[in-house]
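For reference, the chains in residue letters:
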Amino acid sequence: MKNTIITSLLLLSLVLTTVPAAEAQSQSKQSAAAARRAQIEARREARRHRENADDEYTRFRENARQEYSNFRQKANQEYADFLRKAWEEFRTVKGEPIPDKDVKPLPIIEYEKKYDEKKEAPIENRRLPIKEQVVIPAPEPQPQPKPVEPIKEVPVPAPTYFDFDLYSTPLRVRDFENFRLTDASENSVADAWNVLSGSSYNNLIADCLKIRDERNLCDWAYFDMVRALSEKRFGAGSDRAAMLTGFILSQSGYKMRYARVDGHLDVLFGTPNVLFNRRYFSNGGLRFYSFFRPDFEQCFTYNREFPGERALSLDVKLPRLDSKASAPRTMAASSYKYPDVKTDVSVDAALMDFYTSYPTSATAENFMTRWAYYARTPLCDRAKSTLYPMLRARTQNLDILAATELILNWAQQSLPYGYDDEIWGGDRAFFPDETLFYPKCDCEDHAILFVRLIRDILGLKTALIYYPGHLASAVNFPAGSMAKGDYVDIDGERFYICDPTSHNPVGVSMRGFPPENATAIIVE
């Protein structure tokens, strides 16, 4: 009996102990479940927020695209409406001529014989009292013009292509529709603009801009490319070629105007540069030149900007062209003193077309800046690979003065002189590659190539020395060199005359050009 009572009490105690534990376990499970439900709900809420944000961004993006479309459409429509208004008559002025600078070179004299065999008195230092010095600073790098908004391309499942050439290099763009242009009247031009500003021409504009970037085209080369494309499609000098050229340039971000010249449509471009021997009229601080008819005396045009347009830059950069090597040209220094200084030189032949098309110009109406465009332009890689190894090999064991003498002699002996008037019918400066390509060149071409070689091969500072009628050069030698002779003082540094047109050594000026009339040009 006693044992039964004890057992019952133990069972009762166990029951009383188990019930609270079970209740606690149940409550814990309920709390965990509630926490899980809260987490799930929080995740759902976060997802709803993300979806709402995505929807909001999508709406913003679509609105932005729509605003872009509306903005560009509105800009083009307003431009077309303005084109319908009567264009005003503008008369042009005659462009500035290029100052004369050709001189008859002195008879070829082997200066080694003159100065070595005749044992003339040694050259003494003489500071030349030049008229002035001009420093032409390096231009600040500027991005090229761009469309007022990115061009939205139109997907085409199986595009066809239109092929054309630029500087003997084949190019292609996605094909595009033809358009109608009945004449060069205001209404016809406005109607054509409305057609061209439709989305069906977006791919054409996008392809042109892509080629500009891939081929490293400067502004002038891009203008040439657009003209080549337009004239291939519609014919050289045609109104439709001018219409398409102007439209692509405008949509690419360039400052252009249509003009009616002698009843035909033309394209005018605005630039701050002076283009020599080319008629123009001034407007808004810029000069406007004709792209198709450079000798126009009057035209009918308008004064209306397209949003975001920018003036044409004439800064030069070498385009990437599909080039073939020019025929090798053997170029040698004097066989008397440098019998082993010779090599066969080739350049990129396609670049010659680009250089020929490039207009002679100056900045800020300063004629001295004209040569900066040529002096800053490097030799092409092909020219460097055929010429530089030989010059470096022949100068590596020489002191700096002897190395300069060697390069000067090579420039004097290997570049026959010729008058621009006789060869080209007028003045024409050469880029360094052209001097190596053409059989004859004049004083400015000698000087520009020489300073390029001295900078690239020897790393010395140089200057161009302009006498009315002649262009020479000068070199700044490091302290301790044995250079002597005629020099100009530029900011306390001596630049010794080196004239690659004559056959004089370092420090000897060409006779007949008073230094009092000379200008030292430092191209940075």
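Some thoughts on the overall build of the protein
Phase 1 of the analysis: Along its length, the protein carries 13 helices and 19 strands.
Phase 2 of the analysis: For the protein, buried positions account for 48% of its 524 residues.
Phase 3 of the analysis: For the protein, the accessible surface area stands at approximately 25,900 Å², while carbon and sulfur atoms represent 51% of it.

Digging into the nonpolar core
Phase 1 of the analysis: Grouped together as the largest cluster of nonpolar side chains are 132 residues, with contacts concentrated most on Met225, Met243, Tyr258, Trp410 and Leu436.
Phase 2 of the analysis: No other element matches helix α13 (residues 443–458), which puts 10 residues into this core.
Phase 3 of the analysis: With 15 residues, the next largest nonpolar core counts Ala463, Ala472, Ile497 and Ala518 among its residues.

With respect to the state of the cysteines
Phase 1 of the analysis: The final tally for this structure, using the stated rule, is zero disulfides.
Phase 2 of the analysis: For the unlinked cysteine Cys443, the closest cysteine sulfur is that of Cys441, found at 9.5 Å.

Section: the pattern of salt bridges
Phase 1 of the analysis: Across all of its chains, the model carries 24 salt bridges by this definition.
Phase 2 of the analysis: A salt bridge links Arg212 to Asp213; the shortest N-O distance between them is 3.9 Å.
Phase 3 of the analysis: You can call Arg212 buried: its relative accessible area is 7%.
Phase 4 of the analysis: Salt-bridge contacts for Arg293 lead to Asp266; the nearest nitrogen and oxygen are separated by 4.0 Å. Of this pair, Arg293 sits in the loop between β10 (286–290) and β11 (298–301) while Asp266 is found in strand β7 (residues 264–271), placing the two residues 27 residues apart along the sequence.
Phase 5 of the analysis: Its relative accessible area of 0% is what places Asp266 among the buried residues.
Phase 6 of the analysis: Shared partners join several salt bridges into a network, and the residues in it are Lys255, Arg257, Glu305 and Glu309.

Observations regarding helix α6 (residues 239–251)
Phase 1 of the analysis: Spanning 13 residues, α6 covers 18 Å between terminal C-alpha atoms, matching the ideal 18 Å at 1.5 Å per step.
Phase 2 of the analysis: Most of α6 sits out of view: 12 of its 13 residues are buried.
Phase 3 of the analysis: Among all positions of α6, only Asp239, Ala241, Ala242, Met243, Leu244, Thr245, Gly246, Phe247, Ile248, Leu249, Ser250 and Gln251 are buried.
Phase 4 of the analysis: Downstream of α6 by a residue or two, Gly253 has a phi angle that is positive, lying close to 105°.

A look at the environment of Lys440
Phase 1 of the analysis: Checked against the element boundaries, Lys440 lands in the loop between α12 (432–437) and α13.
Phase 2 of the analysis: Placed 21 residues apart in sequence, Lys440 and Tyr419 show a C-alpha to C-alpha distance of 8.2 Å.
Phase 3 of the analysis: Discounting residues that sit within four places of it in the chain, Lys440 has contacts with Pro416, Tyr417, Gly418, Ile423 and Phe430.

Re α13
Phase 1 of the analysis: Between its terminal C-alpha atoms α13 stretches 22 Å, which fits the 22 Å expected from 16 residues at 1.5 Å a residue.
Phase 2 of the analysis: Counting buried residues in α13 gives 14 out of 16 residues, a clear majority hidden from the surface.
Phase 3 of the analysis: Following α13 by one or two positions, Gly459 adopts a phi angle in the positive range, close to 70°.

Thoughts on the packing of helix α4 (residues 202–214) against α6
Phase 1 of the analysis: It is the contact of α4 with α6, at a shortest axis distance of 10 Å, that shows an interaxial angle of 70°. Overall, the two elements α4 and α6 adopt an arrangement that is roughly perpendicular. The element α4 and its partner α6 pack so that their crossing is right-handed. Residues Leu204, Ile205 and Cys208 of α4 form the contact with α6, whose participating residues are Leu244, Phe247, Ile248 and Gln251.
Phase 2 of the analysis: Looking at the contact of α4 with α6 residue by residue, the classes come out as six nonpolar, one polar and no charged.

Calculation notes
- Residues numbered from 1 in each chain as written.
- Predicted model: local features only at pLDDT ≥ 70, side-chain atom pairs only at ≥ 80, totals over all residues.
- Heavy atoms only, no water.
- Helix = DSSP H or I, 4+ residues; strand = E, 2+ residues; numbered from the N terminus.
- Buried < 20%, exposed > 50% of the residue type's maximum accessible area, 1.4 Å probe, protein only.
- Areas by Shrake-Rupley, 256 points an atom, 1.4 Å probe, with all protein chains shown as cover.
- Core = buried A, V, L, I, M, F, W, Y, C linked by side-chain atoms within 4.5 Å.
- Disulfide = S-S within 2.5 Å.
- Salt bridge = Lys/Arg side-chain N within 4 Å of Asp/Glu carboxyl O.
- Expected span 1.5 Å × (residues − 1).
- Contact = heavy atoms within 4.5 Å.
- Axes fitted to C-alpha atoms, helices over the stretch in contact; angles between N-to-C directions.
- Parallel < 35°, antiparallel > 145°, perpendicular 65-115°, else oblique.
- Left-handed = near helix turned anticlockwise from the far one by under 90°.
- Nonpolar A, V, L, I, M, F, W, Y, C, P; charged D, E, K, R; others polar.

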